[in-house]
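Structure at a glance
So the chains spell out like this:
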Amino acid sequence: MLLPKTNIEQKLSSIKKKRILAEDIDLKQVYSILSNLDNELDRIENNVIIGNGVANNKFNIDLLNSDKIYHTKEIKQI
């Protein structure tokens, strides 16, 4: 029984095109992610520049009772 003839050059060309297309899609996704990150960093930078320099966090660490602070491993054991 003979196997059907295969055009190796055509098969390799097809595989190469699929690989290049997949790489192109991956690069577009990376570009999109980095572009979104740039936009987010610009937004944060603008918030810092425009902000009045006053911390919004009213947390007073001096009021903490250190014997009431528990590690997450201790909490998970309950």
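Before reading on, note that the structure itself is shown above.
The structure reproduced in this document is the subject of the present report.

Time to look at the overall build of the protein chain. Helix and strand counts for the protein chain stand at 2 helices and 0 strands. Dimensions of the protein chain along its principal axes, counting C-alpha atoms only, are 85 × 45 × 10 Å. Considering the protein chain as a whole, with its 78 residues, one finds that 0% of them fall into the buried category. For the protein chain, the accessible surface area stands at approximately 8,400 Å², while carbon and sulfur atoms represent 59% of it. Here the protein chain contributes 12 positively and 11 negatively charged side chains, and the mean placements of these two sets differ by 13 Å.

Taking 1.5 Å of rise per residue, 43 residues should cover 63 Å, and helix α1 (residues 8-50) covers 63 Å from first to last C-alpha, within 8% of that figure. For α1, the N-terminal capping position is held by N7, with its side-chain oxygen 3.2 Å away from the main-chain nitrogen of E9.

On the surface, V30, L34, L37, L41, I44 and V48 cluster together into a nonpolar patch covering about 530 Å² of accessible area. Relative to the elements of secondary structure, L37 occurs in helix α1.

This brings us to the environment of E23. Mapped onto the elements of the fold, E23 is located in helix α1. For E23, a relative accessible area of 38% gives the class partly exposed. Linking E23 and E40, residues 17 residues apart in sequence, is a C-alpha distance of 26 Å.

What the rule picks out here adds up to 3 salt bridges. Where D24 meets K28, a salt bridge forms, and the shortest distance between an N and an O atom there is 3.6 Å. Taken together, the residues D24 and K28, both in helix α1 and 4 residues apart, mark about one turn of the helix. On the accessibility criterion, D24 (33% relative accessible area) is partly exposed.

Calculation rules
- Residues numbered from 1 in each chain as written.
- Predicted model: local features only at pLDDT ≥ 70, side-chain atom pairs only at ≥ 80, totals over all residues.
- Heavy atoms only, no water.
- Helix = DSSP H or I, 4+ residues; strand = E, 2+ residues; numbered from the N terminus.
- Buried < 20%, exposed > 50% of the residue type's maximum accessible area, 1.4 Å probe, protein only.
- Areas by Shrake-Rupley, 256 points an atom, 1.4 Å probe, with all protein chains shown as cover.
- Lys, Arg positive; Asp, Glu negative; His and termini not counted.
- Charge placed at Lys NZ, Arg CZ, Asp CG, Glu CD.
- Expected span 1.5 Å × (residues − 1).
- Polar contact = N/O pair within 3.5 Å; in protein donor to acceptor, adjacent residues only side chain to side chain.
- Patch = residues over 30% accessible without salt bridge, like charges linked within 9 Å, V, L, I, M, F, W, Y side chains within 5 Å.
- Salt bridge = Lys/Arg side-chain N within 4 Å of Asp/Glu carboxyl O.

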